[in-house]
Amino acid sequence: MQKILLIGAFLAISCLLMAKKPVKSYQNPVINYSLPDPSIIKGEDGYYYLYATEDIRNLPIHRSKDLVEWEYVGTAFTKSTRPGFEPKGGLWAPDINKIGDKYVLYYSMSVWGGEWTCGIGCATADKPEGPFKDHGKMFRSNEINVQNSIDPFYIEDGGKKYLFWGSFRGIYGIELSDDGLSIKKGAKLRQVAGTAYEGTYIHKKDGYYYFFASIGTCCEGLKSTYTTVVGRSKKLFGPYVDKSGKKMLDNHHEVLIHKNDAFVGTGHNSEIVTDKAGNDWMFYHAVSTKNPGGRVLMMDKVNWKDGWPSVAGNSPSIEAERPEM
């Protein structure tokens, strides 16, 4: 009788385990073609929209409802609407935001090595998929006296609007006008990080500002050394420091994501997205050692411990549990 009861209990447990839905997973890269320098926003239609540097001409837009399965929507610009303040320049490192009732897209425009003629512009749309109306150049490097003025990042704080940008010549920030489309008259330029960084993203959480950035080389294929790093501060304009209190102004930081055997050049992260379970997720790009053509789209979960963010293993996942959307 006892043997029969044990067998019955075993069968019941087996049935429960079989009935339990398997944990769904995803694999990196989530998009296996080149989408560097991602920026993401949730639209009112329930889709997440992702924008990237124009390895796809005129700046590509993709959308997803679960952060894993993505579809190509189109481009922010066309041949006729494309920005043109930098002749023969590429559109790099977009940053998408909702300001008032408009979607505002900041972008860099540069030719490789044109560190004094490159600059940052902006465009607006009523919907995240566009069409975007270009408002042209906000400033060039030689006009604002910041060499290599690329990689814009917008943030609102204390009722004010700010833009941060820069690349290996220092990271700077300045206050913007009320509509976010120009620099506020009389605003002062302030440096917030040293010469090791580009790809700025600032995230507010639990009384701290977390300054995410990238170090190393972005664009040398399998030789790329891009690495995602982070520091934190109690104030938007810093000083940002590492765990030992050393300043990012002096090029000190904590490493968040470095290379592994499958992916190298891990950098330029997106905004953090929080799923229904309260988990935080971040997109970034990397070069696949199996398919090294371009910089593919990656996603990993960001964990928080003792006031600092981390990614499992400090390197890209190959397969992981999906976000709960």
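Up top you'll find the structure we're talking about.
As the structure is a computational prediction, the values presented were derived from the model and not from experiment.

Focus: the sheet that holds strand E4 (residues 48–51)
Spatial ordering of the open sheet is given by E3-E4-E5-E6, a layout of four strands whose pairing is antiparallel. Every other strand in the sheet has two partners, leaving strand E3 (39–42) and strand E6 (71–75) as the edge strands with one partner each. With strand direction ignored, the average angle separating the axes of adjacent strands in the sheet is 25°. Here strand E5 (residues 60–64) pairs with E6 via four bridges, running antiparallel.

Considerations on the packing of aromatic side chains
Per the stated rule, a full pass over the model turns up 17 aromatic pairs. Residues Trp70 and Phe283 carry aromatic rings whose centres are separated by 5.7 Å and whose planes lie at 85° to one another, so their mutual orientation is edge-to-face. In this pair, Trp70 is assigned in the loop between E5 and E6 and Phe283 in strand E21 (residues 280–288), connecting sequence segments 213 residues apart. Residue Trp70 shares its accessibility class with Phe283, and that shared class is buried.

Points about the state of the cysteines
Per the stated rule, a full pass over the model turns up one disulfide. At a sulfur-sulfur separation of 2.1 Å, the disulfide partner of Cys218 is Cys219. For the disulfide bridge between Cys218 and Cys219, the dihedral angle about the S-S bond is near -90°, and by the sign convention the bridge is left-handed. Since its relative accessible area comes to 13%, Cys218 is described here as buried. Here Cys219 falls in the partly exposed class, since its relative accessible area comes to 35%. Cys118 forms no disulfide, and the closest cysteine sulfur to it belongs to Cys218, at a distance of 13 Å. Here Cys122 is not disulfide-linked; the sulfur of Cys118 is the nearest cysteine sulfur, at 16 Å. Look at Cys122 and you get buried, because its relative accessible area is 0%.

Brief notes about the sheet that holds strand E11 (residues 153–157)
With antiparallel pairing, four strands are arranged side by side in an open sheet as E11-E12-E13-E14. The two strands at the open ends of the sheet, each matched to only one other strand, are E11 and strand E14 (190–193). If you compare each strand with its neighbour and ignore which way they point, the axes differ by 30° on average. As paired strands, strand E12 (residues 160–165) and strand E13 (residues 171–175) are joined by four bridges and run antiparallel to one another. Bridged to Trp165 within E13 is Tyr172.

Details of the nonpolar core
Counting residues in hydrophobic clusters, the biggest one holds 35 residues, and the most contacted among them are Phe164, Tyr197, Ile202, Phe211, Phe212 and Leu236. With six residues, the single largest contributor to this core is strand E16 (residues 208–215). Other than its neighbours up to four places away in sequence, Phe212 contacts Gly199, Thr200, Tyr201, His203, Val229, Val230, Leu256, Asn269, Ile272, Met282, Trp304 and Pro309. Leu59, Ile61, Ile96 and Met109 belong to the second-largest nonpolar core, a separate cluster that totals 17 residues.

Things to note about unusual backbone geometry
Of all residues except glycine, most have a negative phi; of all peptide bonds, most are trans. The step from Asn28 to Pro29 runs through a cis peptide bond, and the omega angle for that step is 0°. By secondary structure assignment, the location of Pro29 is in the loop between strand E1 (25–27) and strand E2 (31–34). With an omega of 5°, the peptide bond running from Gly130 to Pro131 counts as cis. With respect to the helices and strands, the residue Pro131 is situated in the loop between strand E9 (119–125) and strand E10 (133–140). We note that Asn58 has phi near 75°; this positive angle belongs to a residue other than glycine. Along the chain, Asn58 turns up in the loop between E4 and E5.

Considerations on empty space enclosed by the protein
Under the definition given, this model contains one cavity of 30 Å³ or more. Taken together, 15 residues form the lining of the largest cavity, with Pro38, Asp95, Thr200, His268 and Asn269 sitting closest to its centre. Secondary-structure elements contributing two or more residues to the lining of the largest cavity are strand E7 (90–99) and strand E15 (198–205). Counted by class, the lining of the largest cavity contains six nonpolar, six polar and three charged residues.

A closer look at the pairing of strand E8 (residues 102–110)
In terms of burial, E8 is largely enclosed, as eight of its nine residues are buried. Of the pairings in the sheet, the one linking E7 to E8 comprises eight bridges and is antiparallel in character. Bridge pairing links Asp95 to Tyr106 in E8. Between E7 and E8, which pair antiparallel one after the other, the connecting turn spans two residues, and Gly100 there sits at a positive phi close to 65°. Here E8 runs beside E9; their pairing, made up of seven bridges, is antiparallel. Following the sheet pairing, Met109 is matched in E9 by Gly119.

What counts, and where the lines are drawn
Residues numbered from 1 in each chain as written. Predicted model: local features only at pLDDT ≥ 70, side-chain atom pairs only at ≥ 80, totals over all residues. Heavy atoms only, no water. Pairing = 2+ DSSP bridges. Helix = DSSP H or I, 4+ residues; strand = E, 2+ residues; numbered from the N terminus. Axes fitted to C-alpha atoms, helices over the stretch in contact; angles between N-to-C directions. Phe/Tyr/Trp six-rings, centres within 6.5 Å; stacked < 30°, edge-to-face > 60°. Buried < 20%, exposed > 50% of the residue type's maximum accessible area, 1.4 Å probe, protein only. Disulfide = S-S within 2.5 Å. Core = buried A, V, L, I, M, F, W, Y, C linked by side-chain atoms within 4.5 Å. Contact = heavy atoms within 4.5 Å. 1 Å grid on protein atoms, 1.4 Å probe; cavity = no way out; pocket = protein on both sides within 12 Å on 5 of 7 lines; lining within 4 Å. Points joined across faces, edges and corners; volume = space filled by probe spheres on them. Nonpolar A, V, L, I, M, F, W, Y, C, P; charged D, E, K, R; others polar.

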